[in-house]
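The chain contents come next:
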Amino acid sequence: MNKKIYYLRIGIVVIIAALCLAAFAGIFYPVKIFDIQFVSLLQRILSGVALGASILFLLLLTLTFLFGRIYCSTLCPLGLFQEFLMFLFRRKNTPRKKHIYKYFIAAVAFGCLAGGSAAVFRLTDPYTLSGAAVSGSIIGLVAITLIMFLVWFRGRFFCTNICPVGTVLGLIAKHSFFKINIDKNKCISCGLCARQCPTGSIDFKNKTVDNETCIKCLKCLGVCRKNSLTYGCSSKPPVSFNPQRRQLLTGAAVIAVFAVAARYGVKLAGAASEKLKKIILPAGAGNIEDFAGKCLNCNLCVQNCPMKILKKASDDCPVVHIDYQNSFCSYDCHKCSEICPSGAIRRITLEEKQKTRIGTAVINNDACIKCGLCVMKCPRQIISKENGGFPQINSDECIGCGACQAACPVKAITVAAAAQQKIL
């Protein structure tokens, strides 16, 4: 029975991994697997009223409270990548101690997010790092390389001692109903389960399992020859909450760090928006102040944009943005709005998108050759041209799609970003 549970999880993992790879590569994304990622859900909740996201978030927390950190072993794309590396490396593991600094990393990350800035999560969120790496982002590639080294030397160390999401879920999983239990009467302390544990959560000498760091990969169930390990409700009475003085001090310090980070997050969001006032944002982004604080730089929209106008963050622009240099925004497409999991790009209908002003086109008459191509290419038909005259743009109706700019053979048309997007 234990092995059947393990193989069932492996089957689910294969399906989830295939969906993640297809979505990040821009191949296939009808099953929105990233809509149930922890930080994406929380970001959508913090961005405004999001009933669906709130329900899914509560469901994720409830699943963790019931079954432990199954999110980390089954739904997290970076966790799946590390599991694949563990399979390749076949490293043996030993019990490891928890490091207290992970609580402060989580406090800083979630504090900044509460303050309106996703800057810290762009460097630590497992879902974001996965998307950044697949899309070829420098930050993502560097992070993945470092994680590969961690996996080689320390197994799933990132999941147990760095990842802010893992830290929060671990605190919940510590008190979950379903745990990995060791029957001390059956266990012969051979250590086989501990060597297979990717998080070093099993202390085979003392016959205990740290369910805070245990990611419920269930590998231990499949290797125990005595069937001394089970996954289910613990027969022991629940441990009463009786924190020691050191734990109370640590908790108080973490809360203080969270509060400071929240205030700093407000400043980070403001500073980012000041530098980015001239960039054009996809329809549904609202304004640069909101978008700069919400965008996780997962690059899911970049990879799935059919016109390839959405560009990754760079030194000059720290968030995803539109670049009309080689193409334009298709009038009949709102793919980025459909797939953005974090709420940075609000979900709007195609009809709303076709009326949302993201910028305004401007014609430079000194460069214009009066060819009239812009008149023919405008999807809203708001550019007119009288015989022998310069084209005239009805700026009150222009949405800034860039079709005219792309059609102009002499680059006489540019699109200026809208400070605040609005539906015409």
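Residues numbered from 1 in each chain as written. Predicted model: local features only at pLDDT ≥ 70, side-chain atom pairs only at ≥ 80, totals over all residues. Heavy atoms only, no water.

A few points about the overall build of the chain
(1) Moving on: Secondary structure assignment for the chain yields 20 helices and 10 strands.
(2) Moving on: For the chain, the spread of C-alpha atoms along the three principal axes comes to 95 × 40 × 35 Å.
(3) Moving on: Out of the 424 residues belonging to the chain, those deemed buried represent 50%.
(4) Moving on: Within the chain, counting contacts between residues at least 6 apart in sequence, those at least 24 apart form 71% of the total. (Helix = DSSP H or I, 4+ residues; strand = E, 2+ residues; numbered from the N terminus. Buried < 20%, exposed > 50% of the residue type's maximum accessible area, 1.4 Å probe, protein only. Contact = heavy atoms within 4.5 Å.)

Points about the packing of aromatic side chains
(1) Moving on: This structure, assessed with the given rule, holds 10 aromatic pairs.
(2) Moving on: Aromatic side chains phenylalanine 24 and tyrosine 127 sit 6.0 Å apart centroid to centroid with 25 degrees between the ring planes, which places their arrangement in the stacked category. Within this pair, whereas phenylalanine 24 is found in helix H1 (residues 2-24), its partner tyrosine 127 is found in helix H8 (residues 126-134), the two being separated by 103 residues in sequence. With respect to burial, phenylalanine 24 and tyrosine 127 carry one shared label: buried.
(3) Moving on: Measuring from centroid to centroid gives 4.9 Å for phenylalanine 110 and phenylalanine 121, while their planes differ by 80 degrees, and the two rings are edge-to-face. Note that phenylalanine 110 is positioned in helix H6 (residues 101-114) and phenylalanine 121 in helix H7 (residues 121-124), a separation of 11 residues in sequence. (Phe/Tyr/Trp six-rings, centres within 6.5 Å; stacked < 30°, edge-to-face > 60°.)

Thoughts on the side chain of lysine 294
(1) Moving on: Relative to the assigned elements, lysine 294 resides in helix H15 (residues 288-294).
(2) Moving on: An unpaired buried charge is present at lysine 294: no salt bridge exists, and aspartate 290, the closest side chain of opposite charge, is 4.6 Å distant. (Lys, Arg positive; Asp, Glu negative; His and termini not counted. Salt bridge = Lys/Arg side-chain N within 4 Å of Asp/Glu carboxyl O.)

A closer look at the pattern of salt bridges
(1) Moving on: Scanning the model with the defined rule gives 5 salt bridges in all.
(2) Moving on: Ionic pairing is found between aspartate 35 and arginine 347, a salt bridge with its closest N-O pair at 3.0 Å. Of the two residues, aspartate 35 is situated in the loop between H1 and helix H2 (38-47) and arginine 347 in the loop between helix H17 (335-339) and helix H18 (350-353); the sequence distance between them amounts to 312 residues.
(3) Moving on: Here glutamate 397 makes a salt bridge to arginine 380, at a shortest N to O gap of 3.0 Å. You can see glutamate 397 sitting in the loop between strand S9 (392-393) and helix H20 (403-407) and its partner arginine 380 sitting in the loop between helix H19 (373-377) and strand S8 (383-384), a full 17 residues away along the chain.

Here we look at the environment of glycine 131
(1) Moving on: With respect to the secondary-structure elements, glycine 131 resides in helix H8.
(2) Moving on: Along the sequence, glycine 131 and cysteine 20 sit 111 residues apart, while their C-alpha atoms lie 9.0 Å from each other.
(3) Moving on: If we ignore the near neighbours within four places in the chain, the residues touching glycine 131 are Phe24, Cys298 and Asn299.

Focus on a nonpolar patch on the surface
(1) Moving on: Together, Ile138, Leu141, Val142 and Leu146 give the surface a local cluster of nonpolar side chains, amounting to about 390 Å² of exposed area.
(2) Moving on: On the secondary structure map, leucine 141 appears in helix H9 (residues 138-154).
(3) Moving on: The class of leucine 141 is partly exposed, set by a relative accessible area of 39%. (Patch = residues over 30% accessible without salt bridge, like charges linked within 9 Å, V, L, I, M, F, W, Y side chains within 5 Å. Areas by Shrake-Rupley, 256 points an atom, 1.4 Å probe, with all protein chains shown as cover.)

Some points on the pairing of strand S7 (residues 356-363)
(1) Moving on: Counting buried positions along S7 yields 6 of 8 residues, so the element is predominantly enclosed.
(2) Moving on: Pairing analysis gives 7 bridges linking S7 to strand S10 (residues 413-423), with the strands arranged antiparallel. Counted as the bridge partner of alanine 361 is valine 415 from S10. (Pairing = 2+ DSSP bridges.)

Notes on the environment of isoleucine 280
(1) Moving on: Residue position: isoleucine 280 is located in the loop between helix H14 (245-275) and H15.
(2) Moving on: Between the alpha carbons of isoleucine 280 and alanine 416 there is a distance of 7.5 Å; along the sequence they are 136 residues apart.
(3) Moving on: When neighbours within four sequence positions are excluded, isoleucine 280 is seen to be in contact with His321, Ile322, Tyr324, Ile358, Val415 and Ala417.

Observations concerning the packing of H2 against helix H3 (residues 51-67)
(1) Moving on: Here H2 crosses H3 at 140 degrees, and the two axes come no closer than 9 Å. By the angle between their directions, the pair H2 and H3 is classed as oblique. Crossing angle aside, the handedness with which H2 passes H3 is left-handed. Within the contact between the two elements, H2 uses Phe38, Leu41, Leu42, Arg44 and Ile45 and H3 uses Ala53, Ser54, Leu56, Phe57, Leu60 and Leu61. (Axes fitted to C-alpha atoms, helices over the stretch in contact; angles between N-to-C directions. Parallel < 35°, antiparallel > 145°, perpendicular 65-115°, else oblique. Left-handed = near helix turned anticlockwise from the far one by under 90°.)

A short note on unusual backbone geometry
Trans is the common state for peptide bonds, and a negative phi is the common state for residues other than glycine.
(1) Moving on: A positive phi angle, close to 60 degrees, is found at lysine 216, a residue other than glycine.
(2) Moving on: Mapped onto the fold, lysine 216 is located in the loop between strand S3 (208-209) and helix H13 (219-223).
(3) Moving on: Taking the relative accessible area as the measure of exposure, lysine 216 reaches 2% and is therefore buried.
(4) Moving on: Phi is positive for lysine 370, which is not a glycine, with a value near 60 degrees.
(5) Moving on: Along the chain, the position of lysine 370 falls in the loop between S7 and H19.
(6) Moving on: Residue classification places lysine 370 among the partly exposed positions, given a relative accessible area of 33%.

Shape is all these values report; function is a separate question.
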